[in-house]
Protein chains: 2
Amino acid sequence: MEDMSDLKSATADAAAAADAVDAADAAVMINDDDLLDFSANPIVQKLNALTIPHVTYPHTLSMTADELVANVPLPSDNTESHTKNLFFKDKKHGLFLVTTCTDADLDTKELGKALKLDGKVNLRLADEELLLEKLACKKGCVGPLSMMNNADKDITLVLDENLMKMNKIHSHPMRNDASTALTPTDLLQFLKEVGVTPTMLSFSKKSSSSSDQPLPGKVPSSRPTGDKSSTKPTFPPKAKDAPKSANMNKKQTKKGETQLALKWKKSENFAMWYTDVIVLSEMISYYDISGCYILRPWSYKIWELIQDWFNIQIRKLGVENSYFPMFVSKDRLEKEKDHVEGFAPEVAWVTKSGDGDLAAPIAVRPTSETIMYPAFADWIRSHRDLPLKLNQWSNVVRWEFKDPTPFLRTREFLWQEGHTAHASFEDANVMVRQALDLYRRVYEELLAVPVIPGYKTEKEKFAGGHTTTTVEAYIPISGRAIQGATSHHLGQNFGKMFDINYQDEKGETQVVWQTSWGLTTRTIGVMVMVHGDDTGLVLPPRVAPVQAVIIPIVSKTCPLENLTGYCEEILKSLEEKEIRCKLDDRSIYNPGWKYAHWEQKGVPIRIEVGPRDLETKSARMVVRFGGEKIDVSVDDLAEAVGKKLEEVQNNMFKKAKEFRDDHLVKVTEWKDFVPNLELHNLVLTPWCGGEHDTWEEWVKEKSREESLQSRGEDGEDARAATSVAAKTLCIPFSQPELAEGMKCIASGLPATCWVLWGRSY
Amino acid sequence: MEDMSDLKSATADAAAAADAVDAADAAVMINDDDLLDFSANPIVQKLNALTIPHVTYPHTLSMTADELVANVPLPSDNTESHTKNLFFKDKKHGLFLVTTCTDADLDTKELGKALKLDGKVNLRLADEELLLEKLACKKGCVGPLSMMNNADKDITLVLDENLMKMNKIHSHPMRNDASTALTPTDLLQFLKEVGVTPTMLSFSKKSSSSSDQPLPGKVPSSRPTGDKSSTKPTFPPKAKDAPKSANMNKKQTKKGETQLALKWKKSENFAMWYTDVIVLSEMISYYDISGCYILRPWSYKIWELIQDWFNIQIRKLGVENSYFPMFVSKDRLEKEKDHVEGFAPEVAWVTKSGDGDLAAPIAVRPTSETIMYPAFADWIRSHRDLPLKLNQWSNVVRWEFKDPTPFLRTREFLWQEGHTAHASFEDANVMVRQALDLYRRVYEELLAVPVIPGYKTEKEKFAGGHTTTTVEAYIPISGRAIQGATSHHLGQNFGKMFDINYQDEKGETQVVWQTSWGLTTRTIGVMVMVHGDDTGLVLPPRVAPVQAVIIPIVSKTCPLENLTGYCEEILKSLEEKEIRCKLDDRSIYNPGWKYAHWEQKGVPIRIEVGPRDLETKSARMVVRFGGEKIDVSVDDLAEAVGKKLEEVQNNMFKKAKEFRDDHLVKVTEWKDFVPNLELHNLVLTPWCGGEHDTWEEWVKEKSREESLQSRGEDGEDARAATSVAAKTLCIPFSQPELAEGMKCIASGLPATCWVLWGRSY
């Protein structure tokens, strides 16, 4: 076979034609600026089913490869690439999908030669009809992942070998307002799984200078021929193929560039930024089962700090910790009808042990109501046994098929679940509100994230419960709300189903009133999204695993041993004030590297100690939030650090709250509703009350349609895109005054309360 | 149908005949005085497969019902019963197994009438041949559970309705040196599952006095007719049918007897005592999935105290907590051959989510080596990344088919697992020993249980590891050893399998050396078994959820309000000394009830405060361990309690250690080996070393045979009874001097070390 590297001198015909195709009649798709719900996307579903790690993110609709490059900037170090995709038809040789780097040079004649097509070759760009028939894509939406749709297996996929050198390949998941990023190995894995064997070709670059030599030619083949370690398909995908940790990136970016910088800006691509932050700060590692992630010490410690605080608070309320089995029999799980309807589709079932089948399948807990309440029925006999207040910290499993996101939506997650039983509705209600207030405090006092507490509407409440209360948080960049945690009044529903009765003081049999309430590791993700910046994490001091890091400024003239004693004194003085601190005296890293490392990890305060500080008996305090630098006398340092941590905690909350408040608007007329969503606002409106489910649905539909219209898009083709629709977040406890005669924004009926709406995660 | 209650006046022929049958040619079975391994028993297997709660325990071989009653005393309140079983043949009407209370009066003629057998009735006791053929039982071994073996379904089971009034029915699981205890509902459930519909009859009692009237007659039927709530078979068995908690017992034992006393003595029936203690002290509740138990606050708090201590210790060693997914793909799990062989038979597999099948089954972690180490391979690149020391607290699942026991052997359990990687064998070795020493300290310093640390032999080491170290505890009553916790040197085995390489200082690629180590909730069970007494738990102060309980001695002349202030002062003074204490000022219970309640729960110190104490400014301290009572001035009380708690902690350890040391003997000649096992001793012998696996097997076989012989039993029929065999526990680190020329007790080869043997859990 011929080396394709000499194609660089070919005419630009094909490239021009390609752009024309990309531009023509692009499929109308929704456009949003955030993590959308791609759960209905067939490619995302397939990737998830195959547990292939990927990040699928929305972006400005881009009709051509050039537009895409302009609209969705990739890291400047050329380690990631969009793709250009051409779909050819040759009468004699059949169909070809050619996927290259966006800067690849391409000539159809040379392509024919390189592909060793014999006889007459006449590669023509195929029309949209054939594209739709063969790959289920409109023009401008095709990418290598679309090969999945080629049921007839009559298309040859040609891949640019230069793509194989990338850390990530971004291509459209059948829509050109979104891209799916994955590693070359994972792309090859995907193709293998869907029965496609790509042909690898080496394409030269379009605008190559003399110094930009084409790569040594490689023999095209029907199998990948690139570097064995990066292109050899393996099954199952190894963890190594998942997004790389800081160490991995270090390895791959040796040539002088900073090893620690995020590749994505928060405002440019929120989804990729988020992945970058949580991986590089060593919070999360990806895992080879979709929706499951590794919580590394840097995130797990935050969870432990939340646990410690929460345990102290619930103990004051008389709640005791316990542990219930994680398995539940089918009959039990299905005892409460509404409840099981809410959870059944997501339940994971154990059906085998060793090589044998179990007598009956058993479920892994999605929540523990049905596990705990039969025991409640045993334990509770008399009013003297009430209230019963239990909590457990555990893992739960909800096998969702929505696109998973670390912390926010995972198939296994950690949480606490409180379950209580009381003698009266009112007692239970007090418990519900006490638990919810603890959740508010976790967000506001620990994580510095303001939340809005309120009731869920009937439509949004917990399956099987009486009422649900919630705290709702706001994510600045996306303008979306996210449910922080919920506390449910279960009424007597479960009590009746599970026969949880007691004899009251008069000897009469009564059914208990119950509550349940849960807080998950989602808290950590919300905190990252609210506070993180383009340098990495910014941790609120109260949950920072390390609150202050001491870094000796070592140099040739000032070796470590000169500073060690002084630094250790400082360390000791901080520890005495119970500040979580660390002395980074590793000699293998220089101070600059350490600054960047701990900044990325979000440590609130850095204490720099250099030779001059030694002389002046001082140290420099550098604050992660805001960047302030203050020189402090060593005698005052511990106290100054303690005060500064408190100040930072308060200021972080203040800043987040001001921003949230700026995006919280009252709207009394429908015409202002969608425009405010488009401004990334949460919208408070008068409402006719919870009985009219239909009006809630109406707002959802209507806001979706108008959102799409306002962006000039056709609602018809975007049924799956529910994420631009507004839903009710809560009926806030704190209600503005409702003026006389105010009307529900949806129904026009007299309003009974204000309700909060927003786009949501 | 006729009421059977008038059968009481019938002749004693049948009863006498029954005893004769029971006595004749009883099946030879093993005899032990402890929880044995009944995993091979078909009835136990069936009960476990059906997840029907039961306790199966060994006892002295008992040939007749009378012998059984004498040998295995049941609670004196007549709430539990053994059974008498007669197997009849009638030429015309077929086969009948009649199961009654041991004191039932029975006349075959009346039986025929009650069963409405028409025409000529001639019920004759069947011979052993038929018993073996139809029920697979030797004489004296039959019970209602044996009906499972009646494949031809040609036997009518007749059940005594009086049995249905019991809390527990004890019957033989096809061997008359053991009994299986379960509730009537669970017995009916079992019968239903094996396709047997019993006929219920009311039998009168043999030795009825005039005041002991027969119960009102009930119409026999082919379905249970007893109290609906207790005899109606339900599926699945409800938690209510599991052993009852204290509250349940309270309800069932209203008639004046103490509600709090254990029904079993530790020395009489260790297995039933153990169940009694952990249920009545509110540590454990049973659950409807076999091998899964509820850890109630009273046991979970002990686990939290162990966790708190352990977290502090490992932090000092540089170990960080983290959390890894609980699911693992098949390929990963099976990567290390020896490892998977060790675990595969016990692995639980998730194969479905919602209504759909997963693309590939995923395993629930039995341990996390294969989950963590691919991530280790990602994170570790350079010697600078070593050592890596992680720990996680999690639940794990091992779907064992051995008879489960709460805490000791459960299908889901809680543990910590530490996993570390090092640059050298020696570094890893230091970690292994540091972790093991923490385990020793958990047992000895927190749980007051002496342990023997040492190496496991090759035969007993961790699947896939290099060497395993262990701490071995001793259970007094049973004379058995139990593995306390293990710490493994994994060598480079997993490192090679999972490509965990690093560049050393010279730039050369090396494979890491690894360790893993785990401590489980088994700790709690061992502690209960070692320290508990006939009153209930005895908790070592350092792990007692409540270390001191203050009880005001309220009476008519001294109402609570007189004592409240004084008690609260005492409470405050104890809290200031960081003593975990509680003021039990509930007015609904009297002081006597409270004394019994907290004694049963094992609280180390009770502080009684009565009117006289108020006058003398003192209080009475009553110590659970030993029962000492001391009056102390209120000013000195907090300090006295603190000191006493330390003293109790030390004395509990001292007592347990003395007892253990008394049962730890050196044996140098084989002839003394089994006799020492029979004396409940652990045996230390000279040994030729670990290379000769065959000799270890030889000792196991030989000790089993000789044990059975020494009890006059035939080894042939007791193949399943491995539990009287001795196995190696460890090669203790602390080695006695090995005299010149000493020979291995098994092989006769020159000894290289001392090894510890024992019967084991």
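Residues numbered from 1 in each chain as written. Chains lettered and ligands numbered in written order. Predicted model: local features only at pLDDT ≥ 70, side-chain atom pairs only at ≥ 80, totals over all residues. Heavy atoms only, no water.

You'll find chain A entered in an unreviewed UniProt entry as proline--tRNA ligase, with Discostella pseudostelligera given as the organism. The Catalytic activity (unreviewed entry) comment attached to chain A in UniProt states, word for word, "tRNA(Pro) + L-proline + ATP = L-prolyl-tRNA(Pro) + AMP + diphosphate". (UniProt positions renumbered as here; feature names shortened; annotations may be inferred.)

This part covers the overall build of chain A. The secondary structure content of chain A amounts to 22 helices and 31 strands. Going through the 761 residues of chain A one by one, you find that 61% of them count as buried. In chain A, once contacts between residues fewer than 6 apart in sequence are set aside, the share between residues at least 24 apart is 71%. Carbon and sulfur atoms make up 49% of the accessible area of chain A, which amounts to about 29,000 Å² in all. (Helix = DSSP H or I, 4+ residues; strand = E, 2+ residues; numbered from the N terminus. Buried < 20%, exposed > 50% of the residue type's maximum accessible area, 1.4 Å probe, protein only. Contact = heavy atoms within 4.5 Å. Areas by Shrake-Rupley, 256 points an atom, 1.4 Å probe, with all protein chains shown as cover.)

Below, the discussion takes up the sheet that holds strand S16 (residues 412-422) of chain A. Residues and elements named next belong to chain A. Reading across from one edge, S11-S15-S16-S22-S19-S18-S17-S30-S31-S29-S28 is the order of the 11 strands in this open sheet, with mixed pairing throughout. Each edge of the open sheet is held by one strand with a lone partner, namely strand S11 (320-321) and strand S28 (664-666). Both strand S15 (residues 388-397) and S16 contribute to a ladder of 10 bridges, which runs antiparallel. Bridging across to S16, Gln392 finds its partner in Glu417. Relative to strand S18 (residues 467-475), helix H16 (residues 522-531) is tilted by about 30°, and along the sheet it contacts S18, strand S19 (480-491) and strand S22 (513-520). (Pairing = 2+ DSSP bridges. Axes fitted to C-alpha atoms, helices over the stretch in contact; angles between N-to-C directions.)

Here we take up the pairing of strand S15 (residues 388-397) of chain B. All names here are of chain B. By the criterion of burial, S15 is predominantly enclosed, with 10 of the 10 residues buried. Across the two faces of S15 the burial is the same, with Leu388, Leu390, Gln392, Ser394 and Val396 and Lys389, Asn391, Trp393, Asn395 and Val397 all buried. Bridge count for strand S11 (residues 320-321) against S15 is two bridges, and the pairing is parallel. Its bridge partner being in S15, Glu320 is matched across the sheet by Leu390.

For any pair of aromatic rings, geometry is given as the distance between the ring centres together with the angle between the planes. One pass over the structure, following the stated rule, counts 50 aromatic pairs over all chains. Residues Tyr373(A) and Phe376(A) carry aromatic rings whose centres are separated by 5.2 Å and whose planes lie at 50° to one another, so their mutual orientation is tilted. In this pair, Tyr373(A) and Phe376(A) are both assigned in helix H13 (residues 369-379), three residues apart and thus about one turn of the helix distant. A residue is classified by how much of its surface remains accessible, and Phe376(A), at 0% relative accessible area, is buried. Note on Phe425(B) and Trp513(B): the rings are 5.5 Å apart at their centroids and 85° apart in plane angle, and the pair reads as edge-to-face. Placement of Phe425(B) in helix H14 (residues 425-446) and of Trp513(B) in strand S22 (residues 513-520) is noted, with a sequence separation of 88 residues between them. Residue Phe425(B) is classed as partly exposed on the basis of its relative accessible area of 30%. Members of the aromatic cluster, each reached through a chain of ring pairs, are Phe324(A), Tyr373(A), Phe376(A), Trp379(A), Phe494(A) and Phe498(A). The ring of Trp298(B) has Lys601(B) sitting right over it, with the charged end atom 4.5 Å from the ring centre. (Phe/Tyr/Trp six-rings, centres within 6.5 Å; stacked < 30°, edge-to-face > 60°. Lys NZ or Arg CZ within 6 Å of the ring centre and 35° of its normal.)

Our focus in this paragraph is the UniProt feature "domain: Aminoacyl-transfer RNA synthetases class-II family profile" (unreviewed entry) in chain A. On the UniProt side, "domain: Aminoacyl-transfer RNA synthetases class-II family profile" (unreviewed entry) is annotated at positions that read residues 300-540 of chain A here. Summarising residues 300-540 of chain A: 32% helix, 34% strand, and an end-to-end C-alpha distance of 15 Å.

It is worth spelling out helix H13 (residues 369-379) of chain B at this point. Extensive coverage of H13(B) is indicated by the burial of 11 of its 11 residues. Burial in H13(B) covers these residues: Glu369(B), Thr370(B), Ile371(B), Met372(B), Tyr373(B), Pro374(B), Ala375(B), Phe376(B), Ala377(B), Asp378(B) and Trp379(B).

With that settled, the discussion passes to the sheet that holds strand S24 (residues 581-583) of chain B. Residues and elements named next belong to chain B. Strand order in this open sheet of five strands is S24-S23-S25-S26-S27, and the pairing throughout is mixed. Bordering the open sheet on either side are S24 and strand S27 (629-633), each of which pairs with just one other strand. Taking each pair of neighbouring strands and ignoring which way they run, the sheet shows an average axis angle of 25°. Alignment of strand S23 (residues 548-552) against S24, held across three bridges, turns out to be parallel. For Ala548, the partnering residue across the bridge sits in S24 and is Cys581. Helix-sheet contacts for helix H17 (residues 560-576) involve S23, S24, strand S25 (605-609) and strand S26 (618-623), and the interaxial angle to S23 is about 165°. The sheet contacts of helix H20 (residues 634-662) involve S23, S25, S26 and S27, and relative to S27 the element is tilted by about 145°.

All names here are of chain B. The set of residues buried in helix H2 (residues 42-49) consists of Ile43, Val44, Leu47 and Asn48. Viewed end-on, H2 has its buried residues packed into an arc of 135°, placing them on one side of the element. Sitting at the amino-terminal end of H2 is Asn41, which places a side-chain oxygen 2.9 Å from the backbone nitrogen of Ile43. Directly beyond the C-terminal end of H2, a positive phi value near 50° is found at Thr51. (Arc of directions from axis to C-beta. Polar contact = N/O pair within 3.5 Å; in protein donor to acceptor, adjacent residues only side chain to side chain.)

This paragraph deals with the relation of the copies chain A and chain B. Between chain A and chain B, which share one sequence, the superposing operator has a rotation angle of 180° and an axial displacement of 0.0 Å; the RMSD is 0.1 Å. The superposition of one copy onto the other is thereby described by a two-fold rotation axis. Considering only C-alpha atoms, the part of chain A nearest the rotation axis is Val350(A), at 2.1 Å. (Least-squares fit on C-alpha atoms with pLDDT ≥ 70 in both.)

Another aspect to go through is the interface of chain A and chain B. With 67 residues of chain A in contact, the opposing surface of chain B contributes 67 residues. Buried surface at the junction of chain A and chain B, both sides included, amounts to about 6,200 Å², of which 58% is carbon and sulfur. Counting across the chain A and chain B interface gives two salt bridges. With its nearest N and O atoms 3.2 Å apart, the salt bridge here joins Asp288(B) to Arg332(A). At the junction of chain A with chain B, the criterion picks out 27 residue pairs in polar contact (both at pLDDT 80 or more). Grouping the amino acids of the side of chain A that touches chain B by side-chain chemistry returns 41 nonpolar, 10 polar and 16 charged. Across five bridges, the pairing between strand S13 (residues 348-353) of chain A and strand S13 (residues 348-353) of chain B is antiparallel. Each residue of the ladder has a partner; that of Ser353(A), found in S13(B), is Ala348(B). (Buried area = accessible area lost by both parts, 1.4 Å probe. Salt bridge = Lys/Arg side-chain N within 4 Å of Asp/Glu carboxyl O. Nonpolar A, V, L, I, M, F, W, Y, C, P; charged D, E, K, R; others polar.)

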